[in-house]
Amino acid sequence: MIKRFFLAPSTGEPLAFFRIAIALLGLVQGGWLIGSVALLYGPDGLIPWSVSSGIVDPYMPQLSWLKPLAAFTGTSATTLVYVLMGLYLCSLGALLIGKFTRYAAFIAWAIQFTFINTGFMGAYGVETFMHIALFYCIIMPVGEVFAWDKLSLNTKPVESEWNTLSLRVLQIHLCVVYIASGAEKAMGIQWWNGEAIWQTLMQGQFARFDMRWMANYPLFAKLLCWSTLLLETGYPFFIWWRRSRPYGYVAIVLLHTSIAIFMGLQLFSAIMIIFNTAAFGWPYLKQAYYSLVQPLRERKKLQRAGILATHAFSHEFEM
Amino acid sequence: MLTTKQTFWLFAACFHLSVVALHAAHLEEWTSHKSWLLKKITAYGDFTGSGNIFSFFAPHIGNEIAVVYTLGDGSHQEVTRLEGPNTECNRRIQTIYNFFGIEEAQSLLAKSCAAYMLRQHPNSNLVRVTVIDKRVPAMAAFRAGSQPKWEPFLVKDFRVTR
């Protein structure tokens, strides 16, 4: 039973999706922040290296380790931080296309870890999950499908037990994340009386719309809080049961989409949707592709073939 | 029957997930004494991403914190904020400012922020760091007419001494 659960062979498509989506998101995030690197991570940034290096454990890689290199080369430390950021983006590019996948994942993981250790005071959920994801990209067989390294007309995706084991780890990790997050919320009274949603949406840092009307509908705020609690604490149950899984997956994607729209946490929402899709949602995404997109493409192909045939035979037959 | 390789990786996966679960359950807060084993597990968690807690917006929502800087050079004054058009950068600045909620961090953080602003504005020789938080009334109080308001809770002045 253990062998069937953890080691039944399966394809590496969900893991390839995970690799590509994570790399893409990392590139978007890096591009978004590149103009603010000096402020957030620079030696004289908002939290200077002299402060961050005193707080972070000395065994953790951090950008202040660049100081001797800066002194040796005569380059400014800020320039080296930019160089490192460039290297990070290049490694993400390699991870995206699946070229030297494991090495690329390792470099991206090491650099991202160095950045978040230095800028730990400004890091939030998206950094946490990016760190988890990049570590998994080193360990898991994410470069077996849709990857440059495996690009050949003769190779076909092979089913492997390691794909299943990796997926199980991803799935169980997500279950722990949601149940812990739900349980922690459930310990606060604000998540039971609806104040949590109200207080959040009234903060300028999150509010994207004028939500003052919500005060007149406290039951609505309460329902939103309760449904969040239900979705998070109940996640391991509804996502494991095959029958409720598609509904659960859609519900959790909608939850994160709402967080992106109403709270402006686009990157965090995106990374959570990526984790959920790789762990549980890939078969539904694939099914949706084959039932919605594929017929459309085939219809277009047929239409084009029809036009070509009409042109080709128009001089031989009278239409 | 499992092969040696399968057994090894299965064991590794179980260990990793156990560390994830233990950290999610606030392992480090269980005891004040950090034993050798706990230190190793914490280090493993830090490096692999299995050492996180997931208390997003929990157990309650903290007040929004903002910082206003008043820069001066003896004859002119300028009131400014650090946030700009980059929303993702603003999110991180905001996350840093949230540490003002911890009393022990206030002094050091105010110094860091002041030093950064003075470096950005070399013509200024003094800066006032005003940390404010937004008090949002409960829904019932809001319906009764109470409004959200910003209140300062830390004001610190810094002067260039060079």
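Worth saying up front: this structure is predicted, and the values here are computed from it rather than measured. (Residues numbered from 1 in each chain as written. Chains lettered and ligands numbered in written order. Predicted model: local features only at pLDDT ≥ 70, side-chain atom pairs only at ≥ 80, totals over all residues.)

Draft legend 1. Inspection of the overall build of chain A at higher detail. Within chain A, the secondary structure is distributed over 15 helices and zero strands. Across its three principal axes, chain A shows a C-alpha extent of roughly 85 × 60 × 50 Å. When the 319 residues of chain A are sorted by exposure, 41% land in the buried category. Excluding contacts between residues fewer than 6 apart, the proportion of contacts in chain A whose partners are at least 24 apart in sequence is 72%. (Helix = DSSP H or I, 4+ residues; strand = E, 2+ residues; numbered from the N terminus. Buried ≥ 20, exposed ≤ 12 C-beta atoms within 10 Å, placed from the backbone. Contact = placed C-beta atoms within 7 Å.)

Draft legend 2. Layout of the overall build of chain B. Counting secondary structure elements, chain B contains five helices and four strands. Reading chain B from its N end, one meets helices and strands in the order α-α-β-β-α-α-β-α-β. Against the globule reference of 15 Å for 162 residues, chain B gives a C-alpha radius of gyration of 23 Å, more extended than a compact globule. If you line up chain B on its principal axes, its C-alpha atoms span 80 × 50 × 35 Å. When contacts within chain B are restricted to residue pairs at least 6 apart in sequence, long-range pairs at least 24 apart make up 59% of them. (Rg over C-alpha atoms; globule rule 2.2 N^0.38 Å.)

Draft legend 3. Structural view of the sheet that holds strand β2 (residues 77–80) of chain B. Residues and elements named next belong to chain B. A sheet is described by the order of its strands in space; here four strands give the open sequence β2-β1-β3-β4, paired in antiparallel fashion. Unpaired on one side and paired on the other, β2 and β4 (149–159) mark the two borders of the sheet. Strand after strand, the sheet turns through a mean of 20 degrees between neighbouring axes, direction not considered. Two strands pair when backbone bridges link them, and strand β1 (residues 64–72) and β2 are joined in this way by four bridges, in the antiparallel orientation. Each bridged residue has a counterpart across the sheet, and for Gly72 the counterpart in β2 is Gln77. (Pairing = 2+ DSSP bridges. Axes fitted to C-alpha atoms, helices over the stretch in contact; angles between N-to-C directions.)

Draft legend 4. Representation of the domain arrangement of chain A in the model. All names here are of chain A. Taken domain by domain, chain A consists of domain 1 (10–159) and domain 2 (179–313). A C-alpha centroid distance of 26 Å is found between domain 1 and domain 2. Put simply, the parts of the chain that give the side of domain 1 that touches domain 2 at least two residues each are α2 (13–33) and α8 (125–139). For the side of domain 1 that touches domain 2, the element with the most residues is α2, which contributes nine residues. The class makeup of the residues in the side of domain 1 that touches domain 2 is 11 nonpolar, two polar and one charged. (Domains from an automatic or database assignment. Nonpolar A, V, L, I, M, F, W, Y, C, P; charged D, E, K, R; others polar.)

Draft legend 5. Just the domain arrangement of chain B, in detail. Partitioning chain B into domains gives domain 1 (4–48) and domain 2 (64–159). Look at where the C-alpha atoms of domain 1 of chain B and domain 2 of chain B centre, and you get two points 38 Å apart.

Draft legend 6. Structural view of the UniProt feature "signal peptide" (unreviewed entry) in chain B. Under the UniProt annotation, "signal peptide" (unreviewed entry) lies at residues 1–24 of chain B. Split by type, residues 1–24 of chain B is 88% helix and 0% strand. Its first and last C-alpha atoms lie 33 Å apart. (UniProt positions renumbered as here; feature names shortened; annotations may be inferred.)

Draft legend 7. How the structure looks around helix α4 (residues 103–120) of chain B. End to end, α4 of chain B covers 26 Å across 18 residues, agreeing with the expected 26 Å (1.5 Å per residue, within 8%). Inspection of α4 of chain B places Leu109, Ala110, Ser112, Cys113, Ala114, Tyr116 and Met117 of chain B among the buried residues, and these make up the whole buried set. Turning to α4 of chain B, the residues buried within the fold contact α4 (49–55) of chain A together with β1, β3 (126–135) and β4 of chain B. (Expected span 1.5 Å × (residues − 1).)

Draft legend 8. How the structure looks around the packing of helix α9 (residues 161–186) of chain A against helix α15 (residues 266–313) of chain A. All names here are of chain A. In the contact formed by α9 and α15, the axes pass within 9 Å of each other and the chain directions differ by 125 degrees. In terms of orientation, α9 and α15 fall into the oblique class. Judged by the sense of rotation from one axis to the other, the crossing of α9 with α15 is left-handed. Only Phe275, Asn276, Ala278, Ala279 and Phe280 of α15 make contact with α9, whose side of the interface consists of Leu167, Leu170, Gln171 and Leu174. Partitioned by chemical class, the residues of the contact of α9 with α15 number seven nonpolar, two polar and no charged. (Parallel < 35°, antiparallel > 145°, perpendicular 65-115°, else oblique. Left-handed = near helix turned anticlockwise from the far one by under 90°.)

Draft legend 9. View of the confidence of the model for chain B. When pLDDT is averaged along chain B, the result is 94; 99% of the residues meet or exceed 70. Across the whole predicted complex the pTM is 0.92, and at the interface the ipTM reaches 0.93. (pLDDT = per-residue confidence, 0-100.)

Draft legend 10. Representation of the interface of chain A and chain B. Across the boundary between the two partners, chain A contributes 55 residues, which contact 47 residues of chain B. Looking at the side of chain A that touches chain B element by element, the count peaks at 10 residues for α9 of chain A. When the residues that make up the side of chain A that touches chain B are grouped by side-chain class, the tally is 31 nonpolar, 19 polar and five charged.

Draft legend 11. Molecular detail of the UniProt feature "transmembrane region" (unreviewed entry) in chain A. Residues and elements named next belong to chain A. Here the UniProt feature "transmembrane region" (unreviewed entry) sits at residues 20–41, 69–96, 103–123, 129–148, 219–241 and 247–275. Secondary structure across residues 129–148 comprises 55% helix and 0% strand; the distance between its end C-alpha atoms is 25 Å. Across residues 247–275, the secondary structure splits into 93% helix and 0% strand, with the terminal C-alpha atoms separated by 16 Å.

Draft legend 12. The environment of Ala278 of chain A, seen in detail. Residue and element names in this part refer to chain A. Position of Ala278 among the secondary structure elements: in helix α15. Overall, the presence of 29 C-beta atoms within 10 Å leaves Ala278 in the buried class. With 264 residues separating them along the chain, Ala278 and Pro14 place their C-alpha atoms 4.9 Å apart. Excluding its chain neighbours within four sequence positions, the residues that come into contact with Ala278 are Pro14, Leu15, Phe17, Phe18 and Leu170.

Draft legend 13. Representation of the nonpolar core within the structure. Core analysis: the biggest nonpolar cluster contains 100 residues, and Ala108, Cys137, Ile271, Ile274 and Ala278 of chain A together with Cys113 of chain B have the highest contact counts within it. Here the element with the most residues in this core is α15 of chain A; it accounts for 12 residues. With residues near it in sequence (within four places) discarded, Cys137 of chain A still touches Arg19, Ile22, Leu95, Ala105 and Val142 of chain A. Of all hydrophobic cores here, the second largest spans 14 residues; its members include Ala196, Trp198 and Cys225 of chain A together with Ile61 of chain B. (Core = buried A, V, L, I, M, F, W, Y, C linked by C-beta atoms within 7 Å.)

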